[in-house]
Each structure stands twice: as C-alpha cells, then as structure tokens.
Amino acid sequence: MAMEVRRVIPDAHTSAILSVAYNHHRREYVTGGQDGAIKMWEHDTGKHLRTLVDGHLGWVMGLRYAGPLRMLFSTSIDSYLMVWDTRAKCEWFQRIKMEAQGHCIEYDERRALVYVGSNKVIRVFSVIKEHADEPSRRREILKWTQTIKGVHDDYVRAIVVTDTGRLFSTGYDSSLCLYDVIDSNGLRDVKFVPSQQKNCHTGAISTAAFDWENNLMITGSFDKSVKVWSPEGKLLQTFGPLADTLTGLCYVPATRMIWMSANSTAPVIFDPRTGTNVTNFQQPPSVRSIMHGSGADDANDDGRATGTEKVPDRLLRLFSVRSTNEIIGATSSRALIIWRYNQTGASSVLVGHTDWVEVVCYTRKLELDFDEPQVRLFSAGSDALVRIWEPASRLNAALYHTTGKFSGHEGAVLCGAFCDEANAFVTGSDDCTIRVWFQPTSVAAAAAMRQKYTADQPTAPPDALPGAQGESRGVGSAPPTTNELGLNQADTEEEKRFDPAATAAAEEAAAAAEYLEATCVVLEGHEERISGVCVLGLPAAPGTLVSVSWDLTIRWWRLLPSEKEDALIHTIENAHDDYIHGVAYSPLTHQIATCSADQGAKVWDAQRRTLVATLSGHQADVTHVAWSGVHSVWVTSSDDQSIKLWSTLGRQLRHIDTRDAISALAIDRNYGYVLAAFNDSSYELRVYNPALDQEEEEGE
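Cut-offs applied
Residues numbered from 1 in each chain as written. Predicted model: local features only at pLDDT ≥ 70, side-chain atom pairs only at ≥ 80, totals over all residues. Heavy atoms only, no water. Buried < 20%, exposed > 50% of the residue type's maximum accessible area, 1.4 Å probe, protein only. Helix = DSSP H or I, 4+ residues; strand = E, 2+ residues; numbered from the N terminus. Pairing = 2+ DSSP bridges. Axes fitted to C-alpha atoms, helices over the stretch in contact; angles between N-to-C directions. Polar contact = N/O pair within 3.5 Å; in protein donor to acceptor, adjacent residues only side chain to side chain. 1 Å grid on protein atoms, 1.4 Å probe; cavity = no way out; pocket = protein on both sides within 12 Å on 5 of 7 lines; lining within 4 Å. Points joined across faces, edges and corners; volume = space filled by probe spheres on them. Nonpolar A, V, L, I, M, F, W, Y, C, P; charged D, E, K, R; others polar. Contact = heavy atoms within 4.5 Å. Core = buried A, V, L, I, M, F, W, Y, C linked by side-chain atoms within 4.5 Å. Phe/Tyr/Trp six-rings, centres within 6.5 Å; stacked < 30°, edge-to-face > 60°. Lys NZ or Arg CZ within 6 Å of the ring centre and 35° of its normal. Salt bridge = Lys/Arg side-chain N within 4 Å of Asp/Glu carboxyl O.

A. Molecular detail of the pairing of strand β47 (residues 642-646). Of all five residues in β47, five are buried; the element is thus mostly enclosed. Burial along β47 is two-sided: Ser-642, Lys-644 and Trp-646 facing one way and Ile-643 and Leu-645 facing the other are all buried. Pairing of strand β46 (residues 633-638) with β47 involves five bridges; the strand directions are antiparallel. In the strand pairing of β47, Ser-638 is matched with Ser-642. Linking β46 back to β47 in an antiparallel pair, the connection comprises three residues, with Gln-641 at a positive phi of about 65°. Judged from the five bridges that link them, β47 and strand β48 (residues 652-657) form a sheet pairing that is antiparallel. By the bridge assignment for β48, Trp-646 is matched with Gln-652. Taking the residues between adjacent antiparallel strands as the criterion, β47 and β48 are bridged by five residues, where Gly-650 takes a positive phi near 95°.

B. Structural detail: the sheet that holds strand β24 (residues 268-271). Ordered by their spatial adjacency, four strands build an open sheet running β22-β23-β24-β25, and the pairing between neighbours is antiparallel. Each of the sheet's edge strands pairs with one partner strand only, and the pair in question is β22 (248-252) and β25 (276-277). Two strands pair when backbone bridges link them, and β24 and β25 are joined in this way by two bridges, in the antiparallel orientation. When the bridges of β25 are listed, Asp-271 appears paired with Thr-276.

C. Broad picture of the sheet that holds strand β42 (residues 591-596). Strands sit in the order β41-β42-β43-β44 across an open sheet of four strands; the sheet is antiparallel. The open sheet terminates on both sides in strands that have one partner only, identified here as β41 (580-586) and β44 (610-616). Strand after strand, the sheet turns through a mean of 20° between neighbouring axes, direction not considered. Note that β42 and strand β43 (residues 600-605) share five bridges and pair antiparallel. Bridging from a neighbouring strand, Cys-595 pairs with Ala-601 of β43.

D. Highlighting the environment of Ser-429. Structurally, the position occupied by Ser-429 is in strand β34 (residues 424-429). Between the C-alpha atom of Ser-429 and that of Glu-528, which follows or precedes it by 99 residues, the distance is 9.3 Å. Among the polar contacts listed, one links the side chain of Ser-429 to the side chain of Asp-431, at a separation of 3.0 Å.

E. Structural context of unusual backbone geometry. Between Gly-240 and the following residue, Pro-241, the backbone shows a cis peptide bond with an omega angle of 5°. In this structure, the amide linkage connecting Leu-538 to the following residue, Pro-539, adopts the cis form with an omega of 10°. You can see Pro-539 is positioned in the loop between β37 (530-535) and β38 (544-549). One non-glycine residue with positive phi stands out, namely Asp-54, at about 55°. Here Asp-54 shows up in the loop between β5 (48-52) and β6 (60-66). The exposure class of Asp-54 is partly exposed, given its relative accessible area of 48%.

F. Spotlight on empty space enclosed by the protein. This model, assessed by the stated rule, comprises two cavities of 30 Å³ or more. Of the voids in this model, the second largest cavity is the one considered here, and its volume is about 30 Å³. Met-3, Val-252, Pro-253, Ala-254, Ser-320, Val-321, Arg-322, Asn-325, Glu-326 and Ile-327 are the residues that line the second largest cavity. Listed by contribution, the elements that provide at least two residues to the lining of the second largest cavity are β26 (315-321) and β27 (326-331). Tallied by class, the residues present in the lining of the second largest cavity amount to six nonpolar, two polar and two charged.

G. Inspection of the environment of His-152 at higher detail. Mapped onto the elements of the fold, His-152 is located in the loop between β13 (142-148) and β14 (156-161). Each C-alpha atom of the pair His-152 and Ser-174 lies 9.0 Å from the other, and the pair is 22 residues apart in sequence. When residues no more than four places from it in sequence are discounted, the contact partners of His-152 are Lys-120, Ser-169, Thr-170, Gly-171, Asp-173, Ser-175, Cys-177, Tyr-179 and Gln-196. Here the side chain of His-152 touches Asp-173 through a polar contact of 3.2 Å, side chain to side chain. Within polar-contact distance, the side chain of His-152 engages the side chain of Ser-175 at 3.2 Å.

H. Local environment of the nonpolar core. If you look at the biggest cluster of nonpolar residues, it comprises 18 residues, and the most contacted ones within it are Leu-69, Phe-73, Leu-81, Val-114, Phe-125 and Leu-142. When residues of this core are traced back to their parent elements, those giving at least two are β7 (71-76), β8 (80-85), β9 (92-97), β10 (104-108), β11 (113-117) and β12 (122-127). Leave out the neighbours within four places in its chain, and Leu-142 touches Phe-73, Leu-81, Val-83, Gln-94, Ile-96, Val-114, Phe-125, Ser-126 and Val-127. The next biggest cluster of nonpolar side chains, apart from the first, holds 17 residues, and it includes Val-278, Ile-327, Ile-337 and Leu-399.

I. Up close: the side chain of Thr-145. Considering the arrangement of structural elements, one finds Thr-145 in strand β13. On the basis of relative accessible area, Thr-145 is assigned to the buried category, the value being 18%. Discounting residues that sit within four places of it in the chain, Thr-145 has contacts with Val-124, Phe-125, Ser-126 and Asp-189.

J. Highlighting the packing of aromatic side chains. Taken as a whole, this structure holds 15 aromatic pairs when the rule is applied. Ring centres of Phe-239 and Phe-270 lie 4.8 Å apart, and the angle between their planes is 25°; this geometry places the pair in the stacked category. With Phe-239 in strand β21 (residues 235-239) and Phe-270 in strand β24, the pair connects residues that are 31 residues apart, well separated along the chain. Across the pair, exposure class does not vary: Phe-239 and Phe-270 are buried alike. Counting every residue linked through ring pairs, the aromatic cluster contains Tyr-155, Tyr-172 and Phe-222. Stacked on the ring of Tyr-80, the Lys or Arg Arg-95 has its end atom at 4.6 Å from the ring centre. Note that Arg-322 overlies the ring of Trp-212, its terminal NZ or CZ placed 4.1 Å from the centroid.

K. Broad picture of the pattern of salt bridges. Under the counting rule described, the total for this entry stands at 21 salt bridges. The shortest N-O distance in the salt bridge between Arg-64 and Glu-106 comes to 2.5 Å. Placement of the pair is Arg-64 in strand β6 and Glu-106 in strand β10, with a sequence separation of 42 residues. The class of Glu-106 is buried, set by a relative accessible area of 8%. Arg-686 serves as the salt-bridge partner of Glu-684, at 2.8 Å between the closest nitrogen and oxygen. The exposure class of Glu-684 is partly exposed, given its relative accessible area of 36%. Connected through salt bridges with shared partners, the residues Arg-6, Arg-27, Asp-44, Glu-326 and Arg-340 form a single ionic network.

Given below as structure tokens:
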C-alpha cells in the first residue's frame, strides 16, 4: 500500500503555486498562484481546461470548493473575497472588498459559513441560501456577519473546520486556537468562544493540516518542527527538527502517514502512531527524479542537494484530497505532482543490497516476550551477501530494518529457502556451494516451532503416493483407483495418519536445533552453479533439503546430520538433458518437480527418489516450476511465453499464453492465482486465474 506518482503537470503557473482545491462534481483540480491566476485542470488527464479571468490582482492565497453550493471561494492579498460559478460559465458571482489581505479560507458546510483569515482577525461570512440557489451577479451570495478579534496577534495562517463543526486556527503568532461554536438560534448570530494555546512553537506556524480520522491538529513551524495536538489542545507528538522551515504539510488517511516538506527535494514522511521517520523505508522519489527521470536524482538521504545544480527542484507545498486519496504537491519549478494511493503498491522499500536481489524468503521468529511470532525476512543476491530484516516497530509491521549481514559465498546467491526444523536459511550460489546459515534459537522456540510444523502437515501417507507399493489388501480385492493427484481413493482415515517414527524423529531434530549459535555450514558436491533448493516436509526426516544444479544432478541433504551420518543422502545423475533451472516441492503428494533447459519438467517421488512423470509440451526452456496447493496442480512457465498447469501424473490441464517472456513466477496461497513478472519494459506483475473449469484465460 503506497502513494505513487500518478501525474506531473509542468509549468502549471508562471510563478509559485500557493493554493489548491478539488471540484469533485466536475472532477477538476483548481490551482491558484502568485501570478493571480486561478486555473482548472482535468482530473483524469491533467489537461488545462480554463483560466478564470477578471479575477484577483494579487497572490491567490486560499481556494475552497463548496460542494453543496457548487461554488468556488477564493481569497487573495489584493484584499478581495470572490465567489465563482463552477456549473457552466465559470465566472465570478460576487466580489467582496475586505479591509485587509486574505491569507487563508475555509468553508463550514454545517453552518453555511465562510471564514477568511487576515492580519490578527478572522472574518465570518454567511451564505444567503435563497440567493445561492439561483446565483447571479445581481444578487449577493455571501454576507459579512462578524469578525473574530483579539485571538491572534499576527497573520492567521490556517483555518480548519472538522466534520463535527469544530473550529481551529493557527497563525504566525505561534498560537493554536480552538473555538467552541454556539450555533445561531434565529435571534442572534453564531457565537465563537476561543481557547488559545500560546507559544505552541518557538517560531511562527507556517503551515497546518488535520487528521480527519483521529481528530488531531497538526502544525508546522519556522522552528523546523511538526507537532500533533489533541482536540483539547494537548501536545501529543513532536517531529523534528527538519532541515529547514516547514513549507508543506498534510495528513494522508489512506496510509495514515504525515507528509511534510521543509523546502526539501522530496517529501518527508512520518508515522504519527510511532513517531518514526519512515522516509527511508518508503523511499519517495525526489522532485528532480520525478520531473526528469530517476537518473537525474541529485539528492542524498537528508534531502540536501549534492550535485552541481545551483537551485535544485524543491517541494514547497502539499495538499491532501480526501475524496480521491491523492496528494498534490507544488514545486519550486511551478509544477504540480499528483500522488495517488495504490492499495497494491509497496508499503516500504528495504535498502541495503548493492546488486541484484535474487532471493527473498520469510519465517516467523518465535520470541518469549511476544504473543505472536514476529516475521523475519532473509534476502540475498548478486552481491554475495545474506541480509536479515526484522520489523522496526510493533505498531507498523511493514517497516523493516536490517539486523544482520552474513558473507561467505564467493559468487552470486541464486536461490534460497528457510528450514524451520533447523532454524536455518539455506542459500545456493554461483560458486557451486550450498551454505546453511543457522540462526540462534531456544528450547521454547524450537518446541513451539515443532508443534506448529507437525500441525501444518498434510495427511497423505507414504503408500498413497503415485507409484507407491502398498500392502496387500487381501485375495480377490479390487485394485485401488487413483484420482488426478495420484492418491488412492480407497484409503481410510486411519491409513492417512503420520508415521509415529517420523514424528519421533521430528522431536529429536527439534532437540538437536536447540541452543544453536549463528554458524554456517557449507555443503559441497555440485560441480556447477546451484539453481534451486527446497526443504522437504514429512514423511521425510526433518531438515531434509533437495538441491538442483547446472551439473544436471538432484541431491538430497541432511541439514542436521548426526556424528555418524554424512550430510549427503542421495544423488540422481543426469536428471535432465540440459541445465536444470529450478525445483519445487508439493507437501500434499510429497513430490518434487524440476524444470530444465531441455524444454521439459519432471516430477519425482521425494521419498523414493524415483521419476513419477515427465511434463512435455513447452517449446523452449522451462524456466520456473511451482506447486499450487489450492488447485493441487503443478505450474510451469517457459521462454515460449506460456504458462502450463499439470496434474501430478503429468497430464496437461491448461495452457495460458502470456505473449511475453516470464522472469519470475509465484502462486498465491489463498486463492491459487498465478503471479508472473515479465522481462519487457512494462515492469508489469500480471495475475492469472488458473481456475480449471474456465477455458478462457484471465489476466491483468
């Protein structure tokens, strides 16, 4: 879940952009700038639609769209408050001359009031409903009702009206004012009872925003800090100091984050729940990289320029559009940058590797002081390093920081898997070796992991697997029939129980894994690069690993051998006719499948280490193979730009034409969707529905 750049509108104004509003009826952005212009832009395309003429003569400091009235209100340093028609002609209805400059504006939908912040005062205007229903230049839409004085000692910088009608204001006098509003009863006007919090910052408050979910006021100041306030004016959080004065500030409901700009080259992002600066976790691109491409980025981590450009692009102001889950940023180059919430976007970015990341896997770290297991990530790649990542905060599980780094491989790490029984991360490398990175554990953690592992295993017995030689069922008994999985349909529940000996072996393995230090064991034997590894489940002995290599062999290993046992269990030579690209495991049928450059894939009995079926049909290298537990089928992808689904007996069940070469393949464990990444320039991740009762392929 992330905010992603949706559109850039360059040179939106001839000078700095100061205010933004959104017309949800016409789906238009409205912008105002130092050039005195008010412009409207099409939401879907960013196309410039019109510029409102005969308007302000000075900086447009505030814009507010009133949805129920379908009118736009604007204020400027030319001391005018203007009411604009947005229905047809887009011309102004009313032009009100005030006694001082207008610096901010807000509309109170509940009371039909317009507030304009000026020097030391807030002017209040009421909407004449009868005139607003049939507007024209001959009829007043707004009528001045009163002026709130004696609250602020300097310019009022921001006014906020909440959904419940609560009123807040902030200003250059560093104060935050909260108002109890007593509604009109027909005999008197609305009454405002202010409560002032002075010296909220050590400098003037330059910008403000509101958290609509939690009813919290957020202020940014010249003192380079951001503060969060309760509805009663109590200070809850302080963020900073930042690099410069706060110029932009907004709350993003979709991600529950605060975005801010301190005259910086990129947005600075804080999590208000934890007070954590998550900018490095989310890695928002700089203004320059957005405008000119990623290669043009010239900013370092703290947002300060490091290149030779004298005046780098800066993000000056930020505006949140609640109805569209968007953020609009105004830059120093007079451009508009529009971010939109993407529910499937990356919620955080983990930075640390210096080359291609080839392997990512996770496990649940069991800790005595946590009620639930904590997810731990492992990654490795072409930089030959193994990195460990753990959550940086309990309140935000998407934020990870590195807690360990291991080296040892002399070539790129190409594959990996985590073995719960051994509490170890296993990696295969271009250097022809397999390394087992044992992680520290405890008695309680090992016992809990063993209990979880035993409970999660499927119930297929060894003699129910394809090609198994079961015991005699008596003279004259009919031979057992098999279904598409190759499982005997006549098997009883008693026959599907686990082998007690295997369960006992699992307990012994758990005991052997206790108190292991973070050590590394090297498994040698392959003569070419290791292209795939997988960990077997029961009925195999706990800690059993299978590896495949470009040397055309498949090898079985013990990760926890006794003193009298060798690590290598078994080797199948010449398993394919060309390079083996990968291996996958089916816990239901206790099979493994391998894919190869010989344009085929093979299914093997993981316990008896014998060939079960050959999957033939692809016209090029079979690059990936995976098991779909939801549909109980094997899934392969090939350089012939296709995905195929197979039964465990080797029958092709479905063909999906992808029209592009596939670079990565994964299976959704909840719904069985096939996820495929592609080598083309689209950088797409496509999702296919492999439902076997549908003839037409589905993808997006």
